[in-house]
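Breakdown of the fold
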Amino acid sequence: MNDRAHPTSDSSGRLQLDQAAIDAAAKSIDDGAVTPGYGPWRDDVVKLLNDALATELVCNLRYRRHYFTAKGVNSPAIAEEFLVHANEEAAHADKIAERIVQLGGSPLFNPDQLLERSHAQYDESSDLQSMVRANLVAERIAVETYRQMIVLIGDKDPTTRRMLEEVLADEEEHADELSDWLTR
Ligand SMILES: [Fe+2]
Ligand SMILES: [Fe+2]
């Protein structure tokens, strides 16, 4: 079904809603928040979100391990920063999982598939400098991935796009903080 509901302007240039799509939304109540006008890309959006969910979960694990192992080495402040980021990645994962469910999809938490789906890598570094560097690389991957997702989604799903824009702003902040640490 490629005929997504489309409000249009008529020949006189007046703005008009698509009444047929509104009627269809009222009739089919099985799909929760997803109306028939959503368009044919629901599965693609859910897949993009599940890959982002895997990325957030891997990033949470990487930062958490860095927090516990860097703690007390020589920079408690950076370890604390890792923990803040870890918790923010976990919050991103929660938001994304919630949206997947709203879209009628299944959020994938199976640990076997996480690294395979994740855009960013886990990291086993033991020195602080390498940890900061690995996290910066992962954040830059996240920034680029979210930016592309936002472009792909465009006006197809404003709620998902808005959520991704908020997550993107956080990832940019993370990357910025880490590059400050690298140059100290
Ligand atoms: Fe994140
Ligand atoms: Fe991040």
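Everything quoted here is computed from the prediction, not taken from an experiment.

Details of the overall build of the protein
Secondary structure summary: the protein contains six helices and two strands in total. Listing every helix and strand of the protein by position from the N terminus yields β-β-α-α-α-α-α-α. Rg of the C-alpha trace for the protein: 20 Å, well past the compact-globule value of 16 Å for 184 residues, more than 25% over. By its C-alpha atoms, the protein is 70 × 35 × 20 Å across when sized along the principal axes. By residue count, 41% of the 184 residues in the protein fall in the buried class. The long-range fraction of contacts in the protein, counting pairs at least 24 apart against all pairs at least 6 apart in sequence, stands at 73%. Carbon together with sulfur atoms contributes 52% to the accessible area of the protein, which is approximately 10400 Å² in total.

What to know about the coordination of the iron ion (ligand 1)
Those donors, E56 (OE), E56 (OE), E89 (OE), H92 (ND1) and E171 (OE), are the protein atoms that reach the iron ion (ligand 1), and they lie 1.9 to 2.4 Å from it. Counting the intervening residues between successive donors of the iron ion (ligand 1) yields the motif E-x32-E-x2-H-x78-E. Metal-to-metal, the separation of the iron ion (ligand 1) and the iron ion (ligand 2) is 3.9 Å; E89 coordinates the two. With a gap of 33 residues between them, E56 in helix α2 (residues 42-70) and E89 in helix α3 (residues 76-102) connect regions that are remote in the sequence.

As for the side chain of E89
One buried charged residue, E89, forms no salt bridge at all, with the nearest opposite charge on R62 at 5.4 Å. If sequence neighbours within four positions are ignored, E89 has contacts with E56, C59, N60, Y63, E139, E171 and H174.

Details of the packing of aromatic side chains
Scanning the model with the defined rule gives two aromatic pairs in all. Ring geometry for Y67 and F68: centres 4.8 Å apart, planes at 65°, overall edge-to-face. Taking the relative accessible area as the measure of exposure, F68 reaches 56% and is therefore exposed. In this structure, R62 is placed above the aromatic ring of Y63, and the distance from its NZ or CZ to the ring centre is 5.1 Å.

Topic: the nonpolar core
Membership of the largest hydrophobic core comes to 27 residues, with the highest contact counts inside it found for V45, L49, L53, I96, L103, Y146 and L164. What Y146 contacts, discounting residues up to four positions off in sequence, is A52, E56, I96, L164, V167, L168 and E171. Ranked by size, the runner-up nonpolar core spans 15 residues in total, among them Y67, A70, V132 and L178.

Re helix α6 (residues 158-182)
With 25 residues, α6 extends 36 Å between its outermost C-alpha atoms, agreeing within 8% with the 36 Å of an ideal straight helix rising 1.5 Å per residue. Those residues of α6 that sit buried are T160, M163, L164, V167, L168, E171, H174, A175, L178 and W181. Buried positions along α6 lie against α2, α3 and α5 (128-153).

A closer look at a nonpolar patch on the surface
A surface patch of nonpolar side chains, about 280 Å² in accessible area, is lined by L61, L115 and Y122. Counting through the fold element by element, L115 comes out in helix α4 (residues 111-117).

What about the coordination of the iron ion (ligand 2)?
Expected angles at a metal are 109.5 degrees for tetrahedral coordination by four donors and either 90 or 180 degrees for octahedral coordination by six donors. The protein atoms donating to the iron ion (ligand 2) are E89 (OE), E139 (OE), E139 (OE), E171 (OE) and H174 (ND1), with metal-donor distances spanning 2.0 to 2.3 Å. Between consecutive donors of the iron ion (ligand 2), the numbers of intervening residues give the motif E-x49-E-x31-E-x2-H.

Quick word on a negative patch on the surface
On the surface, E88, E173, D176 and D180 cluster together into a patch of negative charge. The element contributing the most residues to the negative patch is α6, with three residues. With respect to the helices, strands and loops of the structure, D176 is situated in helix α6. According to the relative accessible area criterion, D176 is partly exposed, its value standing at 46%.

Here is what the cut-offs are and how they apply
- Residues numbered from 1 in each chain as written.
- Chains lettered and ligands numbered in written order.
- Predicted model: local features only at pLDDT ≥ 70, side-chain atom pairs only at ≥ 80, totals over all residues.
- Heavy atoms only, no water.
- Helix = DSSP H or I, 4+ residues; strand = E, 2+ residues; numbered from the N terminus.
- Rg over C-alpha atoms; globule rule 2.2 N^0.38 Å.
- Buried < 20%, exposed > 50% of the residue type's maximum accessible area, 1.4 Å probe, protein only.
- Contact = heavy atoms within 4.5 Å.
- Areas by Shrake-Rupley, 256 points an atom, 1.4 Å probe, with all protein chains shown as cover.
- Donors = N, O, S within 2.8 Å, 3.2 Å for Na, K, Ca; no water.
- Lys, Arg positive; Asp, Glu negative; His and termini not counted.
- Salt bridge = Lys/Arg side-chain N within 4 Å of Asp/Glu carboxyl O.
- Phe/Tyr/Trp six-rings, centres within 6.5 Å; stacked < 30°, edge-to-face > 60°.
- Lys NZ or Arg CZ within 6 Å of the ring centre and 35° of its normal.
- Core = buried A, V, L, I, M, F, W, Y, C linked by side-chain atoms within 4.5 Å.
- Expected span 1.5 Å × (residues − 1).
- Patch = residues over 30% accessible without salt bridge, like charges linked within 9 Å, V, L, I, M, F, W, Y side chains within 5 Å.
- Charge placed at Lys NZ, Arg CZ, Asp CG, Glu CD.

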